[in-house]
Amino acid sequence: MGTHQVRRTPSVADPVLLTEDEAAHLLKIQPATLATWRVKGRPNLPFVRVGRCVRYRRQDILAFIEGHLASHTGQGRA
């Protein structure tokens, strides 16, 4: 019999944590922009502190993207 690898889907109980660089890359922005957002508290993008390190949950990044979809440029900010 062969061995089977089970691919688990991440959940709230098992979040995928991204580094600041990885999160910035996913959003196509500079890491410094994320740092500015953390200081200003807006836009609202949750982050996690692990000791001195800052991490972002992949699910929060994806939710942030979904929450900022717009159909035209005159649409207000989310």
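Model, not experiment: these values are computed from the prediction.

Visitor: Sorry, what's going on with the sheet that holds strand β2 (residues 48-50) here?
Guide: Within a sheet, neighbouring strands are paired by backbone hydrogen bonds and run either parallel or antiparallel to one another. Ordered in space as β1-β3-β2, the three strands form an open sheet in which the pairing is antiparallel. In this open sheet, the two strands that pair with only one neighbour each are β1 (17-19) and β2. This sheet shows a mean twist of 45° between the axes of neighbouring strands, independent of strand direction. Relative to strand β3 (residues 53-57), β2 runs antiparallel, the two being bridged by three bridges. The partner of Arg-49 across the bridge, within β3, is Val-54.

Visitor: What am I meant to see in the packing of helix α1 (residues 20-27) against helix α2 (residues 31-40) here?
Guide: Contact geometry of α1 with α2 gives a least axis separation of 8 Å together with a crossing angle of 105°. Between α1 and α2, the crossing angle belongs to the class labelled roughly perpendicular. On α2, the residues touching Glu-20, Asp-21, Ala-23, Ala-24 and Leu-27 of α1 are Pro-31, Leu-34, Ala-35, Trp-37 and Arg-38. The residue inventory of the contact of α1 with α2, partitioned by class, reads seven nonpolar, no polar and three charged.

Visitor: In this structure, what is going on with the environment of Phe-47? I would like to understand it.
Guide: For Phe-47, the position within the fold is in the loop between α2 and β2. Accessibility expressed as a relative area gives 34% for Phe-47, which makes it partly exposed. Separated by 14 residues in sequence, Phe-47 and Ile-61 place their C-alpha atoms 9.5 Å apart. Leaving out residues up to four positions away in the same chain, Phe-47 has contacts with Arg-38, Val-54, Arg-55 and Tyr-56.

Cut-off values and rules
Within any chain, residue numbers begin from 1 and follow the written order of that chain's sequence. The model is predicted, so local features are restricted to residues of pLDDT at least 70 and side-chain atom pairs to those at 80 or more, both for listing and for counting; the totals for chains, interfaces and linings are taken over all residues. Calculated side-chain values reflect all of the structure's heavy atoms, with hydrogen atoms and water omitted. For two strands to be treated as a pair, DSSP must find at least two bridges joining them. Each helix corresponds to a stretch of at least 4 residues labelled H or I by DSSP, and each strand to a stretch of at least 2 residues labelled E; elements are numbered beginning at the N terminus. Working convention: axes come from line fits to C-alpha atoms, limited for helices to the stretch in contact. Angles between N-to-C directions cover 0 to 180 degrees. Angles are sorted into four bins: roughly parallel if under 35 degrees, roughly antiparallel if over 145, roughly perpendicular if 65 to 115, and oblique for all others. The contact criterion used throughout is that any non-hydrogen atoms of two residues lie within 4.5 Å. All amino acids are sorted into three groups, where Ala, Val, Leu, Ile, Met, Phe, Trp, Tyr, Cys and Pro are nonpolar, Asp, Glu, Lys and Arg are charged, and the leftover types, Gly among them, are polar. Only protein chains enter the calculation, and the probe is 1.4 Å; a residue is then buried if its accessible area is under 20% of its type maximum, exposed if over 50%, and partly exposed in between.

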